[in-house]
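Below are the chains, spelled out letter by letter.
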Amino acid sequence: MLKKSETIGFFCIKASAYAGILLLLAALALIGLAGYRVISWQFLTGLWQHQDIAAGGIWPAILGSFYLGVGVTLCSFPLGIGAAIYLTEYGRQNFWRRSIEVAIRNLAGVPSVVYGLFGLGVFVYLMRLGTSLLAAVLTLSAMTLPWIITAAVEALQAVPPALRESSLALGATKWQTIKQVALPLVLPASLTGGIVGIARAMGETAPIIMVGATFYLTKLPTSPLDKFMALPYHSFILATQHSDPRAVEYASGTALVLIVLVFILSLGAIILRYYFRSKYKIQ
Amino acid sequence: MDTVIAVKNLNVWYNHSVHAVKNVSIDIPRHTVVALIGPSGCGKSTFLRSLNRLLDTMENTNIEGEVIFNGKNIYHGDVDVTALRKQIGMVFQNPTPFPKSIYDNIAYGPLVNNEVGGYWGLSGIIKKFKKRKSASEVEASKDKLDGIVRESLKEAALWGEVKDRLFKSAYGLSGGQQQRLCIARAIAVKPEVILLDEPTSDLDPMATKKIEELVLKLKDSYTVIIVTHNIQQASRISDYVAFFHLGELVEYDTKKNIFTNPRHQLTAAYVKGEFG
Amino acid sequence: MNKYQNNNRHFFDKMWRFLFRLTGGVSVVLLVGIFIFLAVNASRILGSISLGEFLFGAVWNPTSYHEPLWGTLSLVYGTFIISALALIIALPLGLGTAVYLSEIAPRAVKEFLKPMVEMIASIPSVVLGLIGLLFLAPVIARMFGLSNGLNALTAAILVAFTALPTISSISEDALSSVSPRLREASYALGASQWETIWRVSVPAALSGIVASVMLGFGRIIGETMIVLMVAGNSLAWPRSPLSPVRPMTATIAIEIKEVVVNSLHWHALFAVGLLLFLITFLLNIFVDFWLKKKSI
């Protein structure tokens, strides 16, 4: 017994919900179509050849993105979780702590170019690391830190104080309490938050444009101070600045590999979240 | 006895397995207060929600049987559910004022039921701003909506307390006042029956007393069905009492009989406070 | 418990306390350092460029042969055009998705769609830019009879997709946390589902919805790759949504590679970065306070 205007209204709502998703899926499918032809074993594992882009492969870019991902994980996870624990367990409940928490939470909203500028000024020049893998890892870690810290802090604050008090009342030290009580509840959230952050970091182009990614590499990076290639940057250059008429196809192929990678990570995070949610729901 | 609602063999299932209401038949007489009592989880609230088809909004519920309201089974296919709900109103356990002003809370019912026109769209917004009148203006106003708001608040014994803050947020009221606001809101659409689902369990004794007085007054113009956990409350305000246990209607009789001379042993035990 | 065990426990406790202090300190220093670093570098322009010219000058042309111009207004305006357009697109789509997911969709559909919307958020912006280059720009060009489709509108449509998941999921959270009793009360008065959604649920969740829009706006402002690839990169003052445009983010990304380190241009770019930082950071903090105020 719906009024006619309401039926139209409900239809519009449903349409808008599906429109975004469907449009995007369609667009991704189109990219897939545009680029799938270049995907081959050689494309995925060969070294990049400048003279003939059909002859080489994007392995250096894949490796570079992989190094970035691993590096960012190694840097930002310990720092992030440590900072979260420090802020919630050890900090005093005063104005400073609260403002730091607010500041960190809001740094997650700062544009990636700004982090790129920061990385350029501090890591590349001030610390003399030059445009390198290390500089990029540090820059992207700085970008990921607010995510991890916020996710971990939220998880820590959700731990009921009664749990902590019970532990301390039994004579445990603060560290033991954290290890036995808080950490097991924190790790799931930080893990999922962290994976999302890393997927984001691997998809970022702007900061790495500024601090170390390159298109012209003849050999694989062997030290953290080398320049490196990365998937998003590679696709970007192929799409916008390469003169070969087939470049766009290769850009699509590279983008396809990047999308698959990022989606696998995101899917993993979502699955993890469901796994943890079901595991802890019984409590 | 003039019956306003006749329930015949009502059965309600949750999730295809939980039999929440078991074959309940009951006749509700007009202009009385009927109290539904029984231990928690015995189906009283579910039963109540089946009377204004609010169960329709919950997933996975199955309903069988008939609820005859004014001669027609409300579960019949061509019944207009929103029109039905206007005639059978409901007030819930926790006060649920809308995030609007006191005035707009009361006005909501008449507006969505198109009893007062001209409040949608741009002209509606303009009218809304012009509406911030003082208490005496609303008191004297001949405007239909003003009249409805004024009379509903007076009937709910709330007018005196809120007339100077009609256009302020409803959240500024105390819990008891909010609950009376919800009652005023329900009677603003002039229902025939008012369903109350444990309306005073969250309120302090003073507020509870005010609401019980209100219920006794309302009986003149409406029929009230009230679910309550409080046996003393049932004995204070009801005319008829229905005792539910585990989804079944165990006994239904006048208040006097239920409390002084119950037919079932279970009923006797419950009203003595032996369980629940 | 003998006295050795006791000592060990306390030692570990102290050690971890120190470690946590250290990591906490490093993180905080890092994050505060961003602002300080930007500010210090940006302030170096103060000797040569007046603040008035920087903030209100209409032309940005640092490499001009005759006289370098440092007005960021056209950059800010470019950011604004794209952001406003993107928000106009993202808001109804995002809100509609949120309403659908929380009020209308059956549970099975919701469990499936919600992660899908989140996956949209993880799409790298360079991929969206590629989609724009390959598919959207030619379509826009044909639709409006332009030589190419690289302009503010194209960019705005794609940028809207980066904000859509933000607006949708935060609004959906806000709508889901509205007490179901409120909806029931509305139904009990004879209102229809449509009326209940727009007259009760949405107003009750309004503070969360507004917050989601502001956060989405912050995300839109900071978008770089999409605008680099499809917004057209013209420094001329944009005359319409179909003009090519260069917002602040693209300016920084493009020019920083060509610039001499520590030159005036270099510092000016840091100043633009500081401007961007302040806008987004303050927007986020404002949302924080807004939410905190409304949560009572």
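Residues numbered from 1 in each chain as written. Chains lettered and ligands numbered in written order. Predicted model: local features only at pLDDT ≥ 70, side-chain atom pairs only at ≥ 80, totals over all residues.

- As annotated in an unreviewed UniProt entry, chain B carries the name Phosphate ABC transporter ATP-binding protein.

- In the annotation of an unreviewed UniProt entry, the entry for chain A reads Phosphate transport system permease protein PstA.
- Word for word, the UniProt comment on chain A under Sequence similarities (unreviewed entry) is "Belongs to the binding-protein-dependent transport system permease family. CysTW subfamily." (UniProt positions renumbered as here; feature names shortened; annotations may be inferred.)

Some points on the overall build of chain B
Piece 1. Broken down by element type, chain B carries 12 helices and 10 strands.
Piece 2. At 20 Å, chain B has a C-alpha radius of gyration in line with the 19 Å of a compact globule built from 276 residues.
Piece 3. Dimensions along the principal axes, computed over C-alpha positions, put chain B at roughly 60 × 45 × 35 Å.
Piece 4. Looking at chain B alone, contacts between residues at least 24 apart form 70% of all its contacts between residues at least 6 apart. (Helix = DSSP H or I, 4+ residues; strand = E, 2+ residues; numbered from the N terminus. Rg over C-alpha atoms; globule rule 2.2 N^0.38 Å. Contact = placed C-beta atoms within 7 Å.)

A closer look at unusual backbone geometry
Piece 1. One non-glycine residue, B:Asn70, adopts positive backbone phi at about 50°.
Piece 2. Tracing the backbone through its elements, the reader meets B:Asn70 in the loop between strand 4 (61–69) and strand 5 (72–73).

As for the packing of helix 1 (residues 4–35) of chain A against helix 3 (residues 73–104) of chain C
A pair of packed helices is captured by two measures, namely the crossing angle of their axes and the spacing between those axes.
Piece 1. Interaxial distance between helix 1 of chain A and helix 3 of chain C falls to 8 Å at its minimum, and their mutual angle equals 110°. Overall, the two elements helix 1 of chain A and helix 3 of chain C adopt an arrangement that is roughly perpendicular. For the pair formed by helix 1 of chain A and helix 3 of chain C, the contact residues are A:Phe10, A:Cys12, A:Ile13, A:Lys14, A:Ser16, A:Ala17, A:Ala19 and A:Gly20 on the first element and C:Pro92, C:Leu93, C:Gly96, C:Thr97, C:Val99, C:Tyr100, C:Leu101 and C:Ile104 on the second.
Piece 2. Tallied by class, the residues present in the contact of helix 1 of chain A with helix 3 of chain C amount to 11 nonpolar, 4 polar and 1 charged. (Axes fitted to C-alpha atoms, helices over the stretch in contact; angles between N-to-C directions. Parallel < 35°, antiparallel > 145°, perpendicular 65-115°, else oblique. Nonpolar A, V, L, I, M, F, W, Y, C, P; charged D, E, K, R; others polar.)

Some points on the pairing of strand 2 (residues 18–29) of chain B
All names here are of chain B.
Piece 1. Sheet analysis places strand 1 (residues 3–14) next to strand 2, joined by 8 bridges and oriented antiparallel. Paired with valine 12 across the bridge in strand 2 is valine 21.
Piece 2. The antiparallel pairing of strand 1 with strand 2 creates a hairpin that spans 3 residues between the two strands, and asparagine 15 there sits at a positive phi of about 50°. (Pairing = 2+ DSSP bridges.)

Side note on helix 4 (residues 95–107) of chain A
Residue and element names in this part refer to chain A.
Piece 1. When the terminal C-alpha atoms of helix 4 are compared, their 18 Å separation across 13 residues agrees well with the 18 Å that a helix rising 1.5 Å per residue should span.
Piece 2. Here helix 4 has its buried residues at Ile104, Asn106 and Leu107. Down the axis of helix 4, the smallest arc covering the buried residues is 165°, so these residues share one side. Of the residues in helix 4, the exposed ones pointing more than 90 degrees away from the buried face are Phe95 and Arg98. (Expected span 1.5 Å × (residues − 1). Buried ≥ 20, exposed ≤ 12 C-beta atoms within 10 Å, placed from the backbone. Arc of directions from axis to C-beta.)

Things to note about the domain arrangement of chain B
All names here are of chain B.
Piece 1. Considered domain by domain, chain B is made up of domain 1 (3–97 + 192–271) and domain 2 (100–172).
Piece 2. A straight line from the C-alpha centre of domain 1 to that of domain 2 covers 30 Å.
Piece 3. Taken together, the 4 residues of domain 1 in the interface contact 6 residues of domain 2.
Piece 4. Here the residues of the side of domain 1 that touches domain 2 are counted per class, giving 2 nonpolar, no polar and 2 charged. (Domains from an automatic or database assignment.)

A word on the sheet that holds strand 5 of chain B
Residues and elements named next belong to chain B.
Piece 1. A sheet is described by the order of its strands in space; here 4 strands give the open sequence 2-1-4-5, paired in antiparallel fashion. Edge positions in the sheet fall to strand 2 and strand 5, since each has one partner strand and no second.
Piece 2. Together, strand 1, strand 2 and strand 4 form the strand contacts of helix 1 (residues 44–51), whose direction differs from that of strand 2 by roughly 60°.

Description of the interface of chain C and chain A
Piece 1. Taken together, the 68 residues of chain C in the interface contact 73 residues of chain A.
Piece 2. The residue makeup of the side of chain C that touches chain A, split by class, is 46 nonpolar, 16 polar and 6 charged.

Quick word on the environment of C:Glu184
Piece 1. With respect to the helices, strands and loops of the structure, C:Glu184 is situated in helix 7 (residues 180–188).
Piece 2. C-alpha separation for the pair C:Glu184 and C:Thr196, spaced 12 residues apart in sequence, amounts to 9.0 Å.
Piece 3. The contacts of C:Glu184, once residues within four sequence positions are left out, are B:Leu54 and B:Phe92.

Topic: the domain arrangement of chain A
Residues and elements named next belong to chain A.
Piece 1. On domain assignment, one finds that chain A holds domain 1 (1–38) and domain 2 (39–281).
Piece 2. With centres defined by C-alpha atoms, the gap from domain 1 to domain 2 works out at 31 Å.
Piece 3. At the interface, 8 residues of domain 1 touch 9 residues of domain 2.
Piece 4. For the side of domain 1 that touches domain 2, the per-class residue count stands at 5 nonpolar, 2 polar and 1 charged.

Focus: the UniProt feature "transmembrane region" (unreviewed entry) in chain A
Residue and element names in this part refer to chain A.
Piece 1. The sites that UniProt annotates as "transmembrane region" (unreviewed entry) are residues 21–39, 59–87, 107–127, 133–160, 181–202 and 255–276.
Piece 2. The span residues 133–160 is 89% helix and 0% strand, and its two end C-alpha atoms sit 42 Å from each other.
Piece 3. Spanning residues 255–276, this segment combines 100% helix with 0% strand, and its end C-alpha atoms are found 31 Å apart.

Brief notes about the sheet that holds strand 6 (residues 88–91) of chain B
Residues and elements named next belong to chain B.
Piece 1. Within the open sheet, the 6 strands sit side by side as 6-7-8-3-9-10. Their pairing is mixed. Two strands bound the open sheet, and with one partner strand each, they are strand 6 and strand 10 (248–254). Taken over all neighbouring pairs, the strand axes of this sheet differ in orientation by 15° on average, direction set aside.
Piece 2. Two strands pair when backbone bridges link them, and strand 3 (residues 33–37) and strand 9 (residues 240–245) are joined in this way by 4 bridges, in the parallel orientation. By the bridge assignment for strand 9, leucine 36 is matched with alanine 242.

Thoughts on the confidence of the model for chain A
Piece 1. Across chain A, pLDDT averages 81, with 93% of residues at or above 70.
Piece 2. Mean pLDDT across the elements of chain A ranges from a minimum in helix 7 (residues 161–169) of chain A, with 70, to a maximum in helix 5 (residues 112–126) of chain A, with 89. (pLDDT = per-residue confidence, 0-100.)

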